Number of protein chains: 2
Amino acid sequence: MNTEPSPHPFLELDEVVHQRVRLGILAVLSEASECTFAVLRNELGLTDGNLGGHIRILEQAALIEVHKGYEGRRPCTWLRLTRKGRTALRQEVAALERLVTRLRTAESDTDP
Amino acid sequence: MNTEPSPHPFLELDEVVHQRVRLGILAVLSEASECTFAVLRNELGLTDGNLGGHIRILEQAALIEVHKGYEGRRPCTWLRLTRKGRTALRQEVAALERLVTRLRTAESDTDP
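The sections below set out a description of the structure shown in this document. Predicted model, so just to flag it, every value in this text is computed and none were measured. (Residues numbered from 1 in each chain as written. Chains lettered and ligands numbered in written order. Predicted model: local features only at pLDDT ≥ 70, side-chain atom pairs only at ≥ 80, totals over all residues. Heavy atoms only, no water.)

What about the nonpolar core?
Here comes step 1: Judged by nonpolar contacts, the single largest core of 60 residues is most densely connected at A:Ile25, A:Leu40, B:Ile25 and B:Leu40.
Here comes step 2: Other than its neighbours up to four places away in sequence, B:Leu40 contacts B:Ile25, B:Val28, B:Cys35, B:Leu51, B:Ile55 and B:Leu79. (Core = buried A, V, L, I, M, F, W, Y, C linked by side-chain atoms within 4.5 Å. Buried < 20%, exposed > 50% of the residue type's maximum accessible area, 1.4 Å probe, protein only. Contact = heavy atoms within 4.5 Å.)

Here it is in structure tokens:
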């Protein structure tokens, strides 16, 4: 077993970004310059309430920007990643890569 | 933009396994045949209460086994992955790899 005091990659994961639904929101927003609430909800298969709650958390952490307006006569909410959000997602991806690499190594060590 | 109806890799993530602390517990347990509560708590930098709560959730999902005994005179709790837990962790790692690949692709498409 590794006895060095190197921190476990788990410790690099940020709860705000790592949480399943929030990671999904950030992932979808990273693939477009902007996205409507409705498109995001359908892409991720979420309810309005669930999506709305996680959007508030991401907005409070300044990881996304929300602006409201109209598409024709219908009210519409647009969402986009902030620069801070893009950086946070990159850090999460890098941490996940380190975790996956470590787990794949452990797997090949323990497999018969 | 991709307009195919292929499901987003986010949808493959299982909340029980993906949650940050629980993923850390499963990761550490995957690297040893067995681990004590104290070692796990120290490795992950958690409080007894936080670790205990997540252990109950993993035990109820049959992803880990918990057994209590004594080490000398001191009570001690041992934890280990079940076969189901090892499979669930593998599925999470595979889903994370697909998500990371997709995000890395999006990143290289949007970067200047």
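Moving on from the coordinates now.
Section: the packing of helix H3 (residues 37-44) of chain B against helix H4 (residues 48-60) of chain B
All names here are of chain B.
Here comes step 1: At a closest axis distance of 10 Å, the pairing of H3 and H4 adopts a crossing angle of 110°. Comparing the axis directions of H3 and H4 gives the class roughly perpendicular. The interaxial crossing formed by H3 with H4 has right-handed handedness. Residues Phe37, Leu40 and Arg41 of H3 lie in contact with H4, whose contacting residues are Asp48, Leu51, Gly52 and Ile55. (Axes fitted to C-alpha atoms, helices over the stretch in contact; angles between N-to-C directions. Helix = DSSP H or I, 4+ residues; strand = E, 2+ residues; numbered from the N terminus. Parallel < 35°, antiparallel > 145°, perpendicular 65-115°, else oblique. Left-handed = near helix turned anticlockwise from the far one by under 90°.)

Quick notes on the relation of the copies chain B and chain A
Here comes step 1: It takes a turn of 180° to lay chain B on chain A, together with a shift of 0.0 Å along the axis; the resulting RMSD is 0.0 Å. This pairing of chains is accounted for by a two-fold axis. Considering only C-alpha atoms, the residue of chain B closest to the rotation axis is B:Gln19, which sits at 3.2 Å.
Here comes step 2: Most of the interface of chain B is mirrored in chain A, where 100% of its interface residues are also at the interface. (Least-squares fit on C-alpha atoms with pLDDT ≥ 70 in both.)

Here we look at the pairing of strand S3 (residues 74-81) of chain B
All names here are of chain B.
Here comes step 1: Sheet topology places strand S1 (residues 35-36) next to S3; two bridges connect them, and they run antiparallel. Counterpart to Thr36 in the pairing with S3 is Trp78.
Here comes step 2: Sheet topology places strand S2 (residues 64-71) next to S3; eight bridges connect them, and they run antiparallel. Among the inter-strand pairings, Tyr70 is bridged to a residue of S3, identified as Pro75. (Pairing = 2+ DSSP bridges.)

Observations regarding the sheet that holds S3(B)
All names here are of chain B.
Here comes step 1: Judged by pairing direction, the sheet is antiparallel, and its three strands sit side by side in the order S1-S3-S2 without closing on themselves. Every interior strand has two partners, whereas the edge strands, S1 and S2, have only one.
Here comes step 2: Helix H2 (residues 20-30) contacts S1, S2 and S3 of the sheet and is inclined by roughly 90° relative to S3.
Here comes step 3: In this fold H4 packs onto S2 and S3, with an angle of close to 125° to the strand it touches most, S2.

Section: the interface of chain B and chain A
Here comes step 1: Contacts between chain B and chain A engage 36 residues on the former and 36 residues on the latter.
Here comes step 2: The contact between chain B and chain A buries some 3300 Å² in all, and 61% of this surface belongs to carbon and sulfur atoms.
Here comes step 3: Taken together, the links from chain B to chain A amount to eight salt bridges.
Here comes step 4: With a shortest N-O distance of 3.8 Å, B:Glu43 and A:Arg102 are connected by a salt bridge.
Here comes step 5: At the boundary of chain B with chain A, the tally comes to nine residue pairs in polar contact (both at pLDDT 80 or more). (Buried area = accessible area lost by both parts, 1.4 Å probe. Salt bridge = Lys/Arg side-chain N within 4 Å of Asp/Glu carboxyl O. Polar contact = N/O pair within 3.5 Å; in protein donor to acceptor, adjacent residues only side chain to side chain.)

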